[in-house]
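Understanding the architecture of this molecule
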Amino acid sequence: MSYQEQTTASWGSRLSGAFSGIVLGLVLFLGASGLLWWNEGRTTATRAAVSNAATQLVELENNSQVNPALEGKLVHAVGIATAKTKLSDPVFGFQVDAIRFIRKVEYYQWVEKSESKTVEKMGGGTETVTTYRYEPTWSNKPIDAKAFHDPQYQGKNTVPAHVAALDETAKNVHFGAYLLPDFLVQRISGAQALNVRVKAEQLRLPMGSAIKNKAAMLHSDGGNVVYLGKDPAAPAVGDLRVSFSVVPAEALVSLIAVQRGSTFEPFVAKNGERLSLLSMGNQSSQVMMAGKLAANQAMAWIWRAVGAGLCIAGLAMVLRPLSVLAGVVPFIGGIAAAGTGFTATIVGLFWSALIIALAWMRFRPLFSLSLIALAAAAAGFLYYRKKRQKTLHPAANG
């Protein structure tokens, strides 16, 4: 079943909104330019920090006892990370030996989906028809149905028990004779499904729960999913589905950090950048450093794409009044919108490339000058080749 709403916007209101958006577009454009500049500096600083770290790295061969000779030094070590304390689930009433415990909660809820179609009218106004559709699905949080557009679905979502998601990390994780700091423990991955069997008497639901008969509503068959509802095979709105996973209490890890007493701290490079690494399994320092550089480069391109996209979006907002002005005649307005969109894209890409090039001049001058020299040499070669062809074949060119 679907529900439709129709809205109209006059040419004057569209024009007013377009002019109001110019300021936001300029802010977005300038912010994106700053983001592009910052990203190049961040990328260069991280690369320099990795290079600096590589010159100071030493191996911690044996982590079974603290080595005083390595105090304050940047070390690479491989060993078993072991959780010494249990993690507990106060709602479902069990404990587990693990480095990390994750409880994922899903609610069966009605969700609202919409699809809009806008038609431009003669005179510059628009008419928008929005179609809303509703379907039940699993959501990671309760959905407020009061905000639904169709009155028939407002208030249809129910939640008999609010159970929060949980993600806990063990406080005492040892690495041989060393204690791993939280910033390294947080990076230990490799979560696995945790099979549990929960009984009704273990269940401690939050205050205000509408579930009275726990035994009838609790379904736990020893797998990693606990179901709160009448029938797991036929979900009803308001049912809960809870799944559990853990990072085992023992995990083989490789780390790069500064030894400080019986624990570790980040390395501070000459440029002030902080660096610490943890990888799963037995990884050499060379592989870990290479992985950090690869991740840094990938992040650089992600931020470049984001920055360029924001530049284009900002320029599109600045130019939007032109297409709205021309929209008095829908056909002309469509042509103007396509033209302003194309212009915003070309100028945005050019401006982004210019900012990146200027940032390279600031943060990577040698590399930037090398690129400029290479480009100049290529341009010179093409010019010389074209001129030589004209000299050798005057008739063909003339």
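The following refers to the structure shown. (Residues numbered from 1 in each chain as written. Predicted model: local features only at pLDDT ≥ 70, side-chain atom pairs only at ≥ 80, totals over all residues. Heavy atoms only, no water.)

Helix and strand content of the protein: six helices and 18 strands. Considered along the principal axes of its C-alpha atoms, the protein spans approximately 90 × 70 × 40 Å. Counting all 398 residues of the protein, 37% fall into the buried class. Look at the contacts in the protein between residues 6 or more apart in sequence, and 72% of them connect residues 24 or more apart. Counting only carbon and sulfur atoms, one obtains 61% of the accessible surface of the protein, whose full area is about 22000 Å². Charge separation in the protein, taken as the distance between the mean sites of 38 positive and 25 negative side-chain charges, equals 10 Å. (Helix = DSSP H or I, 4+ residues; strand = E, 2+ residues; numbered from the N terminus. Buried < 20%, exposed > 50% of the residue type's maximum accessible area, 1.4 Å probe, protein only. Contact = heavy atoms within 4.5 Å. Areas by Shrake-Rupley, 256 points an atom, 1.4 Å probe, with all protein chains shown as cover. Lys, Arg positive; Asp, Glu negative; His and termini not counted. Charge placed at Lys NZ, Arg CZ, Asp CG, Glu CD.)

Close contact between helix α1 (residues 11–54) and helix α5 (residues 330–363) brings their axes to 9 Å; oriented N to C, the two are set at 35°. Both α1 and α5 take part in a crossing whose hand is right-handed. Of α5, the residues touching α1 (which contributes Phe 29, Ser 33, Leu 36, Trp 37, Glu 40, Gly 41 and Thr 44) are Trp 351, Ser 352, Ile 355, Ile 356, Leu 358, Ala 359, Trp 360, Arg 362 and Phe 363. Tallied by class, residues from the contact of α1 with α5 come to 10 nonpolar, four polar and two charged. (Axes fitted to C-alpha atoms, helices over the stretch in contact; angles between N-to-C directions. Left-handed = near helix turned anticlockwise from the far one by under 90°. Nonpolar A, V, L, I, M, F, W, Y, C, P; charged D, E, K, R; others polar.)

What follows concerns α1. For α1, with 44 residues, the first-to-last C-alpha span of 62 Å sits near the 64 Å given by 1.5 Å per residue. Within α1, the axis deviates most sharply at Ile 22, by approximately 30°. (Expected span 1.5 Å × (residues − 1). Bend = angle between axes of the 7 residues up to and from the residue.)

Here we come to the environment of Val 237. Relative to the elements of secondary structure, Val 237 occurs in the loop between β12 (225–228) and β13 (240–248). By relative accessible area, which is 25% here, Val 237 ends up partly exposed. Every residue in contact with Val 237, bar those within four places of it in the chain, is listed here: Tyr 108, Gln 109, Trp 110, Lys 156, Asn 157 and Thr 158.

With the rule as written, the count across this model stands at 13 aromatic pairs. For the ring pair Trp 110 and Tyr 153, a centre distance of 5.1 Å and an interplane angle of 70° mean the geometry is edge-to-face. Of this pair, Trp 110 sits in strand β5 (residues 94–120) while Tyr 153 sits in the loop between β6 (126–139) and β7 (166–169), placing them 43 residues apart in sequence. When sorted by exposure, Trp 110 lands in the same class as Tyr 153, which is buried. Ring centres of Tyr 134 and Tyr 153 lie 4.4 Å apart, and the angle between their planes is 10°; this geometry places the pair in the stacked category. Of this pair, Tyr 134 sits in strand β6 while Tyr 153 sits in the loop between β6 and β7; the two residues are 19 residues apart in sequence, bridging distant segments of the chain. Its relative accessible area of 8% is what places Tyr 134 among the buried residues. Three or more aromatic residues link up through ring pairs in this structure, and these residues are Phe 92, Phe 94, Phe 101 and Phe 244. Taking the ring centre of Tyr 153 as reference, the NZ or CZ of Lys 156 above it sits at 4.7 Å. Sitting above the plane of the Trp 301 ring, Arg 304 keeps its charged end 4.5 Å from the centroid. (Phe/Tyr/Trp six-rings, centres within 6.5 Å; stacked < 30°, edge-to-face > 60°. Lys NZ or Arg CZ within 6 Å of the ring centre and 35° of its normal.)

Turning next to α5. Here α5 spans 48 Å end to end across 34 residues, near enough to the 50 Å set by a 1.5 Å rise per residue. Buried within α5 we find Gly 333, Ala 336, Thr 340, Ala 344, Gly 348, Ser 352, Ile 355, Ile 356, Ala 359 and Trp 360.

Moving on, we get to a nonpolar patch on the surface. Together, Met 122, Val 328, Val 329, Phe 331, Ile 332 and Ile 335 give the surface a local cluster of nonpolar side chains, amounting to about 600 Å² of exposed area. Topologically, Ile 332 is positioned in helix α5. (Patch = residues over 30% accessible without salt bridge, like charges linked within 9 Å, V, L, I, M, F, W, Y side chains within 5 Å. Salt bridge = Lys/Arg side-chain N within 4 Å of Asp/Glu carboxyl O.)

Turning our eyes to something else, we now look at the pattern of salt bridges. Applying the stated criterion to the full structure yields nine salt bridges. Notably, a salt bridge pairs Arg 304 with Glu 40, separated by 2.7 Å at the nearest N-O pair. Of this pair, Arg 304 sits in helix α4 (residues 285–326) while Glu 40 sits in helix α1, and the two are 264 residues apart along the sequence. Exposure class is identical for Arg 304 and Glu 40. Each is buried.

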